[in-house]
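# Chain and residue survey
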Amino acid sequence: MVQVAAALLFALAAGLGLTVILAMLKSNGDAILSALAGEGAFPADAAPQPGPANVIKLRPSAPRRHISRAITARPQLSHAA
């Protein structure tokens, strides 16, 4: 009985998945098929073309100084105290 219910649920899930795939193909079939063919959904002429890069000059920052910090030892206290 449990095996029959599992088989019916599996068939229902497979049918639902197939229905979703067919609905996607129906609504976006041209874009999906052109992407699968390697052409892409958009023509290459409409893509932005690269141009010369804009160079941004940054002002130099001051040199960093290494600051040593003194480490103070604290007495170890027990958590039970």
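Residues numbered from 1 in each chain as written. Predicted model: local features only at pLDDT ≥ 70, side-chain atom pairs only at ≥ 80, totals over all residues. Heavy atoms only, no water.

When its secondary structure is counted, the chain shows one helix and zero strands. When burial is assessed residue by residue, the chain has 2% of its 81 residues classed as buried. Summed over its atoms, the accessible surface of the chain is roughly 8,800 Å², and 65% of this surface lies on carbon and sulfur atoms. (Helix = DSSP H or I, 4+ residues; strand = E, 2+ residues; numbered from the N terminus. Buried < 20%, exposed > 50% of the residue type's maximum accessible area, 1.4 Å probe, protein only. Areas by Shrake-Rupley, 256 points an atom, 1.4 Å probe, with all protein chains shown as cover.)

Moving on to a nonpolar patch on the surface. Taken together, Leu 18, Ile 21, Leu 22, Leu 25, Leu 33 and Leu 36 make up a surface patch of nonpolar side chains, about 620 Å² in accessible area. Tracing the chain through its elements places Leu 18 in helix α1 (residues 2-36). (Patch = residues over 30% accessible without salt bridge, like charges linked within 9 Å, V, L, I, M, F, W, Y side chains within 5 Å. Salt bridge = Lys/Arg side-chain N within 4 Å of Asp/Glu carboxyl O.)

With 35 residues, α1 should reach 51 Å at 1.5 Å per residue; the first-to-last C-alpha distance of 40 Å falls well below that figure. When the local axis directions of α1 are compared, the greatest deviation, roughly 95°, occurs at Asn 28. Of the residues flanking the end of α1, it is Gly 38, one or two places downstream, whose phi is positive at about 90°. (Expected span 1.5 Å × (residues − 1). Bend = angle between axes of the 7 residues up to and from the residue.)

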